[in-house]
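# Remarks on the overall topology
Listed below, chain by chain, are the residues.
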Amino acid sequence: MASSTSCLNLFVLSFLSVLLITKSQIYDSVNGAVFPITRDLSTGQHIAEIRLGDSPEPVKLVVDLSGPLLWFDCSSGNLSTSRSLISGSSSGCVKVDYVGASSRGDQNADCDLLVRNDVVGITARGELATDVLSLGSVSSQGTVDPLFACAPPLLLRGLASGAQVVMGLSKAQISLPSQLAAETSERRRLTVYFSPSNAVVSTSSVEEVFGTAAARSLVYTPLSTSSSGDYLINVKSIRVNGEKLAAKCPLSAELSTLVPYTTLESSLYAVFAEGYVKAATNAKSVAPVAPFGLCFTSTSSAEVEFPAVELALQSEMVRWRIQGKNLLVDVGGGVQCLGIVNGGSNRVNPITMGGLQLEGFVLDFDLGNSMMGFGQRNSFRPEAL
């Protein structure tokens, strides 16, 4: 009993060590950086703060799990004397060639590139730059000089109030996790945990951030190859209340923090909606409340247990289960809507898993092995000795 209690205490202390990091700092962890995250209530976006350049004030950023790079509104008043633009002939410009980087035919010119705001779907041309990113307090010795894009102010549309930066966390060479891994020569790793509060993003492993027990509790699935650097997983089948839907599988699913709810391609959504209404026998369908397509009220005074949704991944034995708070949105008046919506027909991937479905899950992106581990934090158990 004493050994079990000791293990539990070690896990709790490991978790609290992450939560006690102040929002205005980025601390060095064992092999990477830890970014405390909060959720913006009005947009559902996940927010962090960094110190970029020689300004003593931190800047507010939006976390974009599938974003290819770090980009910043350089005209926002946060002037930095340490900032410098990258030339079109540099190796840094070559790294971002996939996002439309160019020197416009002049090797002495600055390196231009295309920057996209995926919240509202707009693209503009920016300039590749570098500056000092502090890992810790302003006086800390821990600094790096990452590449990022100076983007025009129009790209701030749709971002949480006060946000001036978007931090891309994708597999792309120029994403911040990739650049930090290159600085330390460590295997590329990304640990993500989202919640309404006390969330965290880290370039360290799950074991370093949450402890050994948490790391051993995760289930792993392969990451699919993507030229864009997005995090994609294969879905072998979709089940509602245990019943497999008649959907054409396998399907590709993208993980996104900029989309608040899981979106399905129109034909897939039609199959899903039909199957879910059929399975929800204890609930009454009511007029949908935008942006949702399926809304219900209870047919009795008792609390309704809504059917769970399961995504079978590389095999039927490995399933991502979506239920409860990860599935339902209370819109008031006794009405609950499914946080899975119709994403239209013009989609790159038929499934995009949104922020609601990612909350409460610890995600381990082991990029060296092209694997992703996932598990709900409340399912962790102290390790056996």
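Residues numbered from 1 in each chain as written. Predicted model: local features only at pLDDT ≥ 70, side-chain atom pairs only at ≥ 80, totals over all residues. Heavy atoms only, no water.

An unreviewed UniProt entry annotates the protein as Peptidase A1 domain-containing protein originating from Brassica oleracea var. oleracea. Listed under Sequence similarities (unreviewed entry) in UniProt, the entry text for the protein is "Belongs to the peptidase A1 family." (UniProt positions renumbered as here; feature names shortened; annotations may be inferred.)

Looking only at helices and strands, one finds seven helices and 30 strands in the protein. Across the 385 residues that make up the protein, the buried fraction comes to 52%. Taking as baseline every contact in the protein between residues at least 6 positions apart, the subset at least 24 positions apart corresponds to 63%. Carbon and sulfur atoms make up 51% of the accessible area of the protein, which amounts to about 17300 Å² in all. (Helix = DSSP H or I, 4+ residues; strand = E, 2+ residues; numbered from the N terminus. Buried < 20%, exposed > 50% of the residue type's maximum accessible area, 1.4 Å probe, protein only. Contact = heavy atoms within 4.5 Å. Areas by Shrake-Rupley, 256 points an atom, 1.4 Å probe, with all protein chains shown as cover.)

All right, on to the side chain of N117 then. Mapped onto the secondary structure, N117 falls in strand β7 (residues 112-117). A distance of 3.4 Å separates a polar atom in the side chain of N117 from the backbone nitrogen of V120. In terms of polar contacts, N117 uses its side chain to reach the backbone carbonyl oxygen of L155, at 2.6 Å. When neighbours within four sequence positions are excluded, N117 is seen to be in contact with W71, I122, L155, L156, R157 and L159. (Polar contact = N/O pair within 3.5 Å; in protein donor to acceptor, adjacent residues only side chain to side chain.)

Among the nonpolar cores identified, the biggest contains 71 residues, and F272, Y276, W320 and F365 are the most heavily contacted of them. Per-element accounting of this core gives the leading share, six residues, to helix α6 (residues 266-279). When residues of this core are assigned to domains, at least three fall in each of domain 1 (34-204) and domain 2 (215-379). For F365, the contacting residues outside a window of four places in its chain are L65, R188, R189, L190, V192, L223, Y231, L255, M371 and M372. In this structure, I47, C111, L159 and A160 belong to the second largest nonpolar core, which totals 23 residues. (Core = buried A, V, L, I, M, F, W, Y, C linked by side-chain atoms within 4.5 Å. Domains from an automatic or database assignment.)

Before going further, it helps to spend a moment on α6. If you check α6, its first and last C-alpha atoms are 20 Å apart, about what 14 residues at 1.5 Å a residue would give, namely 20 Å. L268, Y269, F272, A273, G275, Y276 and A279 are the residues of α6 that are buried. (Expected span 1.5 Å × (residues − 1).)

Within this structure, the stated rule accounts for 10 aromatic pairs. Taking the centre distance of 5.0 Å and the plane angle of 40° together, the rings of W320 and F361 count as tilted. With W320 in strand β24 (residues 319-322) and F361 in strand β29 (residues 361-366), this residue pair connects regions lying 41 residues apart in the sequence. Given the relative accessible area of 5%, F361 is considered buried. Counting every residue linked through ring pairs, the aromatic cluster contains Y269, F272, Y276, F296 and F306. (Phe/Tyr/Trp six-rings, centres within 6.5 Å; stacked < 30°, edge-to-face > 60°.)

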